[in-house]
Every structure is written in C-alpha cells, then in structure tokens.
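An overview of the molecular structure
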Amino acid sequence: MYPFQQKIINNWIANRNHDIFSLKLSATRSEYVCFYTPNDNAIDPFHDYTETELDLVYCKKEDYQRKISEIIKKRFEYYHMEPINPYDLFPSDSTQEKLIRETKEDLSIRFAKDVAEKNKISESTYMSRHLMPTVFQKLSEQRKNFIYSGFNTLVSLSSGVIRIFIEMGSRMYAEAQSMLPDGEPVMEIKPEIQNKVAHDFASDYQNRIPKLYKNSLSNPKFHSVDFDGWEPVWRTETLLNSLGSYFRDRLLNPQLSEQILFSFAVRNPSKMSQEVRTTLDLASAHSFLQKTVTSNKHSGIREDRYLLNRCLAPLYNIYTDTLKGRTLFSVEELNMAMTDTQEFMSKCRAKPRTYVDKTSGQMTFFPENEDDVVIDEDFEEERASGN
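Owing to the predicted nature of the structure, the values given are computational and were not obtained by experimental measurement.

A tally of regular secondary structure across the protein gives 14 helices and seven strands. Counting across all 387 residues of the protein, residues that qualify as buried make up 45%. On the protein, roughly 21,600 Å² of surface is accessible, and the fraction owed to carbon and sulfur atoms is 49%.

Below is the structure:
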C-alpha cells in the first residue's frame, strides 16, 4: 500500500465515526509507515486508535507452552476429534533421547568426581550449560545432525510466536495425514516428519529475504541516498549466516563455559553507522531477529538485545532452548558479520580467554564467564517485542 493510500485510511481513522462503522486494519508493521492524514495531521495511538500485536512474543516458557497446549486441544475439539496430549502428538526421536539420557548420566558422574569440589556451581547449572552442547558434539563426531522433534523442541523453535508454531504444526499434520488411509485421524506425527518440516520451514522463512528488496526500496525507513535498496537486504542475509555460524561454533567448543547462545548486544551502539542500524532494523522488522530491551545489572543502562529467530535453528544445526546470556559484538565486528561471514568467523571465532587465579597466580582456561558473554538470570521474566 502506497503512503498516499495510507493517508486516506488515516483520515478515516482520524474522523472516528464509530457510531457509523468500526474500522479494523491488519498490516505488517514494517510496511505501514505513514501516520498522517492528507492534511498532514498526525493520528495518535490511544487517542485515535489502539494497536493489537498478532505476533506477540512470549518469553516465559511455562505460560507459552500452556497456551499452545490449549490451542491444540481446542483445534481437536473444533473438528470433533478426541483430545490428545501434545507430547503424544509430537513425540521425540527415541534414539536421540537415549543419547541425551546416556550423556546426562556421564556428565553426572563427571560432576560428582571432578567438578563439584572445584567449581561453586550446582549440578543443575552444570547440566544446563554442558548437557546439550555435549550431545551436539557427539552427533558432530558421528557426522549426524540434531533431529528437531518433540513438543518442547517445537515450542522452542516457534521463538515465542504462536503463529509460527501453528504454521509448522499444520504442515506436519498435513504431511502425516497424507500417509494414512482416508478418514483415519492423525494420533502421532513421526519425528522424521517433524524434523523434515522444521528444516523446510526454516528454509522458506529465510528465503523470504530476496523479496524484501521491494520493501527496502519503497520504505524510507530502510533506504537512504547513501546506498541502494538491495544493500540492507544482502547485508541481512549475510548477518544471519554469520550469526548461525558463530553460534554453531560456540556450541561445539567445549572450552567455553557458556556454549548455548543465540542473542547478542552491541558495544557502544551510538557509534553504529547508518548501514548497520538500517540492517538491524530491517532484520527486526521482518522477524529474522527479535529485538528486546534489557537492563545491565551493574550499570543500570538500558540496551538493545537481538535474538536470532529460533525457527532458523535447523538451517545452522544449533540448539536454542535458552533465554539466558548474550554475546557482545563491537560495531566493527557487527559490520564485518554483515559483509563477509568467513572474515567474521576467522576474526571473531569464540575462544577461551586466559585468566590468572588471584589466589594461586596460575592461569586457567576455565573462567566462570568469558569477557564477551553476559548472563541474564532474570531475562525469562521479560517480554520481547513483537514484529
């Protein structure tokens, strides 16, 4: 919709003839950019209109899982089908679950033998940090990929956006139903179907990037005289590839204390160039990144935090079921991530720092945290912004 058309609609909104009709609009946030009437009078939220986010992102896992379970139950009831437990409908891969159990047993023994006395962390914290990275390392050694299946995994992949879960779930259900005799209900969606659809959905989601070219040309927010409309689009694609490669590299590096990450913040964001800021805005507007605002516990300063949309995880074979922790990139590193993935990885590949133990004077490769990682213990209570 062109800006002049948006102005005409805004004039209807400004008149507010609610006794005659009620006007409801549905639009992609990044494409509805004009909030003025043809006479250049502004329409204001609350006074002239109210907004409802259809892509509201839930960051508290328990609430989100319960809501999705209720949606599945209501959908089955609507079609006069027997209610089903979502864990039964979306079972996990049994072989992979066996590997996870065996790995957990091994790590429990290692914790009791070598870790408990040397490190002041609980066994649950140790497991949350090392269990799934160790599983991914074993799968990598076997030249296997992680199988994205199971209700909990699909909830995580939907990245807090219910619409993504519904779309993935409907695709999985349709494929499972196509393999059954006519009229037979789907009571279980096999893990291989879940995994295939998860990969296909991730590919389809990222393949939307070339279609953003038209948007970046027509939307002044994503276009300036300094670069053509295609630049923020290809920079977005390169950024996603760089982030996926970086998070995969961290996941497979056992020398890091925090291996599972999928979010980042920017050091000195005031120094960001227009190209970098425009690319982040474009990626956030189209939900490739989810932008949140967090407070630094030490300084109290509010900072932007960007989360890679977890539905893209199958493309990069990464694990994303965590909301705690973000890595910090400098403006120069972020610009490099948007222009050259190989150069970015060669210079920014996660490496353990060397620290000196003040009590013994000895250096250690296993600090409590890396300098470039910030852990947010209370982040689960925050809510990301919808796009």
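Pairs of aromatic rings are described using the distance from one ring centre to the other and the angle between the two planes. For the structure on display, the rule yields 17 aromatic pairs. An angle of 70° between the planes, with centres 5.0 Å apart, marks the rings of Y87 and F151 as edge-to-face. Taken together, the residues Y87 in helix α3 (residues 86-89) and F151 in helix α6 (residues 151-157) connect sequence positions 64 residues apart. Note on Y87: relative accessible area 41%, which makes it partly exposed. According to the relative accessible area criterion, F151 is buried, its value standing at 1%. One aromatic cluster in this structure is built from Y246, F247, F264, Y306, F329 and F344. Over the ring of Y205 we find R208; its NZ or CZ atom is 4.2 Å from the centre of that ring.

Time to look at the nonpolar core. Grouped together as the largest cluster of nonpolar side chains are 78 residues, with contacts concentrated most on L280 and L289. Apart from the residues lying within four places of it in its own chain, the contact partners of L280 are L239, F264, M272, L289, Y306, L334 and M338. Core analysis: the second largest hydrophobic core is formed by five residues, I9, I13, Y32 and Y49 among them.

A cluster of nonpolar side chains, contributed by Y2, F4, I8, W12, F21, L23 and L25, occupies part of the molecular surface with about 730 Å² of accessible area. On the basis of relative accessible area, I8 is assigned to the partly exposed category, the value being 39%.

Moving on to the packing of helix α10 (residues 231-251) against helix α14 (residues 341-348). Where α10 meets α14, the closest approach of the two axes is 9 Å, and the angle between their N-to-C directions is 35°. Relative to α14, α10 is oriented so that their crossing is right-handed. Here T238, N241, S242, S245, Y246 and D249 of α10 lie close against α14, whose contacting residues are T341, F344, M345 and C348. Of the residues in the contact of α10 with α14, the class split is four nonpolar, five polar and one charged.

In this model helix α4 (residues 94-115) runs 29 Å from its N-terminal to its C-terminal C-alpha over 22 residues, within 8% of the 32 Å that 1.5 Å per residue would give. Of the positions making up α4, those classed as buried are Q96, L99, I100, T103, L107, F111 and V115. Projected down its long axis, α4 carries its buried residues within an arc of 110°, all on one side. Away from its buried face, by an angle of more than 90 degrees, α4 presents the exposed residues S94, T95, E105, I109, A112 and K113.

Overall, the predicted model of the protein reaches an average pLDDT of 80, with 77% of residues at or above 70. Of all the helices and strands in the protein, strand β5 (residues 355-356) carries the lowest mean pLDDT, 38, while helix α8 (residues 191-206) carries the highest, 96. Here residues 353-371 is modelled with pLDDT under 50, and outside its nearest four sequence neighbours on either side it reaches 33 contacts, counting other chains as well. Low pLDDT, under 50, characterises residues 376-387; the stretch is placed with 42 contacts to residues that sit more than four places away or in other chains.

Per the counting criterion, the structure on display carries ten salt bridges. Here K138 ties to D106 by a salt bridge, and the two come within 3.7 Å at their closest N and O atoms. Of the two residues, K138 is situated in helix α5 (residues 123-141) and D106 in helix α4; the sequence distance between them amounts to 32 residues. Exposure remark for K138: the relative accessible area of 23% places this residue in the partly exposed category. The partner of R171 in a salt bridge is D204, with the nearest N and O atoms 3.0 Å apart.

Look at α8: 23 Å from first C-alpha to last across 16 residues, which is about the 22 Å you get at 1.5 Å a residue. When α8 is considered as a whole, its buried residues turn out to be P191, I193, Q194, N195, V197, A198, F201, A202, Y205 and Q206. Along its buried surface, α8 packs onto α6, α7 (162-177), α10 and α12 (313-316).

Cut-offs used in this document
- Residues numbered from 1 in each chain as written.
- Predicted model: local features only at pLDDT ≥ 70, side-chain atom pairs only at ≥ 80, totals over all residues.
- Heavy atoms only, no water.
- Helix = DSSP H or I, 4+ residues; strand = E, 2+ residues; numbered from the N terminus.
- Buried < 20%, exposed > 50% of the residue type's maximum accessible area, 1.4 Å probe, protein only.
- Areas by Shrake-Rupley, 256 points an atom, 1.4 Å probe, with all protein chains shown as cover.
- Phe/Tyr/Trp six-rings, centres within 6.5 Å; stacked < 30°, edge-to-face > 60°.
- Lys NZ or Arg CZ within 6 Å of the ring centre and 35° of its normal.
- Core = buried A, V, L, I, M, F, W, Y, C linked by side-chain atoms within 4.5 Å.
- Contact = heavy atoms within 4.5 Å.
- Patch = residues over 30% accessible without salt bridge, like charges linked within 9 Å, V, L, I, M, F, W, Y side chains within 5 Å.
- Salt bridge = Lys/Arg side-chain N within 4 Å of Asp/Glu carboxyl O.
- Axes fitted to C-alpha atoms, helices over the stretch in contact; angles between N-to-C directions.
- Left-handed = near helix turned anticlockwise from the far one by under 90°.
- Nonpolar A, V, L, I, M, F, W, Y, C, P; charged D, E, K, R; others polar.
- Expected span 1.5 Å × (residues − 1).
- Arc of directions from axis to C-beta.
- pLDDT = per-residue confidence, 0-100.

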